[in-house]
Amino acid sequence: MTKFVYDFSEGNKDMKELLGGKGANLAEMTNMGLPVPPGFTITSAACQAYLASGNEPPELAAEVAEHLGSLENRMAKKLGQSDDPLLVSVRSGAKFSMPGMMETVLNIGLNDQSVRGLAAQADNERFAFDSYRRLIQMFGKTVLGIAGEHFEDALDAAKDAKGTKNDLDLDAEDLRKLVEVYKQVVVEQAGREFPQEPREQLSLAVRAVFESWNAPRAILYRRQERIPSDLGTAVNICSMVFGNLGPDSGTGVAFTRDPASGAKGVYGDYLQNAQGEDVVAGIRNTLALADLENLDKKSYDELMSIMAQLEEHYRDLCDIEFTIERGKLWMLQTRVGKRTAAAAFRIATQLIDEGLIDDAEALQRVTGAQLAQLMFPRFDEKAPKNRIAKGMNASPGAATGKVVFDTYTAVKWSRSGEKVILVRRETNPDDLDGMIAAQGILTSRGGKTSHAAVVARGMGKTCVCGAEELNVDTKGRHFTTADGTVFHEGDVISIDGTSGEVFAGDVPVVASPVVRYFEGELDPAATGSDEVEDIVKAVHRIMKTADGVRRMAVRANADTEEDAARARRFGAQGVGLCRTEHMFLGDRRALVEALILADTDEERERQLAELLPLQRQDFASLFEAMDGLPVTIRLLDPPLHEFLPDITELSVRVAVAEARGEAREGDLRMLQAVHRLHEQNPMLGLRGVRLGLVIPGLFEMQSRAILEAAAERQRQGGVPRVEIMVPLVGAVQEFEAIKDDIIKVARDVRAETGVHLEFLVGTMIELPRAALTAGQIAESAEFFSFGTNDLTQTTWGFSRDDVEAAFFSHYLEKGIFGVSPFESLDREGVGELVKIAVERGRAVRAGLKLGVCGEHGGDPDSVHFFHEVGLDYVSCSPFRVPVARLEAGRASGAGGSDSR
């Protein structure tokens, strides 16, 4: 029989799949003997059953009643009893942290009778009615679906009547009246009374948490963070402890290290006389955690001791929520904390030095996505700037954009190509769409543990919080600085998430220190000990570990000597894709046009002869830059129309010229050629290997240029490692015909130069038929390189240029895609074809060299897949080479596990 409910004493931190991260960690802290309020967890399996059927599992009600009874016996009070009532919180908690995306309800059990019992027991009527109004507000929003503004407007009206802006100035009578107003809001907006039966409150709250798993913001967050949609959430029911009992009570969030920089120290926020959501929501500006030492040294010292204990136990940065109730410390949550990219690398190496983890574990603590963030540009320190405010450096980075004040505008402007900065007093979970769309987030309230800060760090988004000098008027769509300057929606600002500074206008950027390290400009052994240099040292150490354990090589897609040289500096072990079509653009386009227009064999051969020395020089410089490393050169791939004028523009030009009597023979010939070569679907037409078969001498010219350049390089003492790649092969017969021509050219070059060259001839696998017939192709091909961009297009039947703009956003919104298949490899479809080709190819040719040269070669999750199926290398853009190196190492160290 399935068990759906676990007491906190029954679980542990390894049960996240079942108990969720929050429940598993509450259980772990309970078993460690830390002060955790008693409670129990309803498993994610119960949520999955509820979402599948629309009903709770039949056994659930009895199990909840049994555990609630045990909790009541332990606490010696009943849920919602009229004197000294037991109150509980109902909180979500999924396997992966989703801060603020699902629901929480506090103070379950309060009603018109028990609120007076709570007031008498606490000898604090204000506290009791403050707790009751919070319950009605949270229950109304979460369970009954009432818009939060109805409650917020009522609260603002109460404060206005009192002549204050501070919630704490409302006395017991003010809050009692507010409770009545809130209850009327429930009647008017939900069409029912606020439930007075505590068990009904509990049951409805649990269902609301279950249903919040599929709330739009939760779906969006899961998609953004690539969290599976079928996990469901656990529900944690915990006896309430109160931080809003007076000045000797409070609530806070703490980190065992700085989540922004990784530095060791005391980091966090604390609010006196408050409940937990006040800190995270950023509604009131908090005190620094260090200030707690002056307010309550006993609780502060105990908290510091527990934080050290938790960090040593989890061997990582811990994020902790706590409440102090009349001088008694209670631990409400811990989890491995979200952190910035810089903090991730610094903390990983710090923990090695502290003996808590080894190099292999440190490698798993960082990701390629984090490394990519560290390579983003930063503001130029030497550039003139107009600083208008300074807040907390919540999430690092440099972001510039137009000011917007709401999610709708952020998304709308972003989709039209504008870069925007989302400016709010504080963010809430409903702002997630806008936070994703924006380049950065700026708030005037909240600290490093506010919603904006936590979510931005998780997304790697630049964020500055708590810029108190700014008066943000979201309804008026402007903010005002301390000196009275007004910035309206659409004005450009820049925010520095590393320093917390806010600047007017656009600030220039420069290369990041990590890029300068990869370029060879910064020597990690020679740097000092400031924060920037610590990051460079940390990256160097982690990359050294990754390079030492990875099985796959990493190459670069490079078409020029400059690209190849940069890729080599970034650690590339060769060129996995040189696209020769890029060499025919610019000044050489006229030569290609002349080739296409050639009417006779003699004219075509003359044009090919003109192109030959130019191509030879291109390849010579590439071989020099990558001397000693393999260089894979793809013969001409795109359809010929890409080298010709646009058919519509040319037709108009010719028609106008004819009307004026000024038509030129060259334009008429060109128009005829354009019409002749025009295709309805050129990406599936005359391109790739088909060009080599239809246009005599084209691939022979390219092959000769490659081999002559390699022969000259070898004569000069170099070591060219040549790989000639035939594109878009669908049948072995196509490949064999082209290979025969290449071999003939190689014999001629050898006879002419006297140089014996070793080279490989292989093909791209970018058509489903090629993957399915890989065994046949491998009888002749010496290597495969998977062109996953085209393989994705031809497997899905997509034209990428069309579908991404046409309907991908709808597919993502509806959950058909978790992520675009052009960003991360579709394992079930395209990935299965890759596996088939690998297995069938190597069954015929055991030493078949296998790589990938599509954009997926630099995608972290895809790199893990390519490791699992046994590819020899991945190839990506030069800038992504370090990311691919890191992820290839992580894949080896983790045995090919998920890259998250």
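Everything below is about the structure shown above.
Residues numbered from 1 in each chain as written. Predicted model: local features only at pLDDT ≥ 70, side-chain atom pairs only at ≥ 80, totals over all residues. Heavy atoms only, no water.

A. The arrangement of the pattern of salt bridges in detail. The full count for this structure, using the stated rule, is 57 salt bridges. The partner of Glu10 in a salt bridge is Lys3, and the shortest N-O contact between them spans 3.5 Å. Residues Asp406 and Arg477 are paired through a salt bridge, measuring 2.2 Å at the closest nitrogen-oxygen approach. Pair noted here: Asp406 is in the loop between β14 (398-404) and α16 (407-415) and Arg477 is in the loop between β18 (471-473) and β19 (478-480), with a separation of 71 residues, a long-range link. Looking at Arg477, the relative accessible area reads 28%, which means it is partly exposed. (Salt bridge = Lys/Arg side-chain N within 4 Å of Asp/Glu carboxyl O. Helix = DSSP H or I, 4+ residues; strand = E, 2+ residues; numbered from the N terminus. Buried < 20%, exposed > 50% of the residue type's maximum accessible area, 1.4 Å probe, protein only.)

B. Spotlight on empty space enclosed by the protein. All chains considered together, the criterion is met by five cavities of 30 Å³ or more. Quantified by volume, the largest cavity comes out at close to 130 Å³. In terms of lining residues, the largest cavity is bounded by 14 residues, among which Arg91, Met240, Val241, Thr323 and Leu332 are the most central. Among the secondary structure elements, those contributing two or more residues to the lining of the largest cavity are β3 (88-94) and β5 (233-239). Tallied by class, residues from the lining of the largest cavity come to seven nonpolar, six polar and one charged. (1 Å grid on protein atoms, 1.4 Å probe; cavity = no way out; pocket = protein on both sides within 12 Å on 5 of 7 lines; lining within 4 Å. Points joined across faces, edges and corners; volume = space filled by probe spheres on them. Nonpolar A, V, L, I, M, F, W, Y, C, P; charged D, E, K, R; others polar.)

C. Region of interest: the sheet that holds strand β20 (residues 486-488). Across the sheet, three strands lie side by side as β18-β19-β20; this open sheet has antiparallel pairing. The strands lining the two open edges of the sheet, one partner per strand, are β18 and β20. Shown here is a sheet whose adjacent strand axes are inclined to one another by a mean of 15°, direction ignored. Sheet analysis places β18 next to β19, joined by three bridges and oriented antiparallel. By the bridge assignment for β19, Val472 is matched with Phe479. (Pairing = 2+ DSSP bridges. Axes fitted to C-alpha atoms, helices over the stretch in contact; angles between N-to-C directions.)

D. Here's a closer look at the layout of surface pockets. The calculated volume of the second largest pocket comes to roughly 750 Å³. Arg634, Asp637, Met683, Asn789 and Asp790 are, among the 28 residues lining the second largest pocket, the residues nearest its centre. Taken together, the elements giving at least two residues each to the lining of the second largest pocket come down to β25 (575-579), α31 (788-796) and α32 (800-806). For the lining of the second largest pocket, a count of residues per class yields eight nonpolar, seven polar and 13 charged.

E. View of the packing of aromatic side chains. Counted by the stated rule, this structure contains 22 aromatic pairs. Relative to Phe242, the ring of Phe127 lies with its centre 4.9 Å away and its plane at 80°, an arrangement referred to as edge-to-face. Taken together, the residues span a long stretch of sequence, with Phe127 in helix α5 (residues 125-142) and Phe242 in the loop between β5 and β6 (250-257) at a distance of 115 residues. Given a relative accessible area of 2%, Phe127 falls into the buried group. With relative accessibility at 7%, the residue Phe242 sits in the buried group. On the basis of an interplanar angle of 80° and a centroid distance of 5.0 Å, the ring pair of Phe151 and Tyr182 is categorised as edge-to-face. A residue pair is termed long-range when its members are at least 10 positions apart, and Phe151 in helix α6 (residues 148-162) and Tyr182 in helix α7 (residues 172-190) qualify at 31 residues. For Tyr182, a relative accessible area of 0% corresponds to the buried category. (Phe/Tyr/Trp six-rings, centres within 6.5 Å; stacked < 30°, edge-to-face > 60°.)

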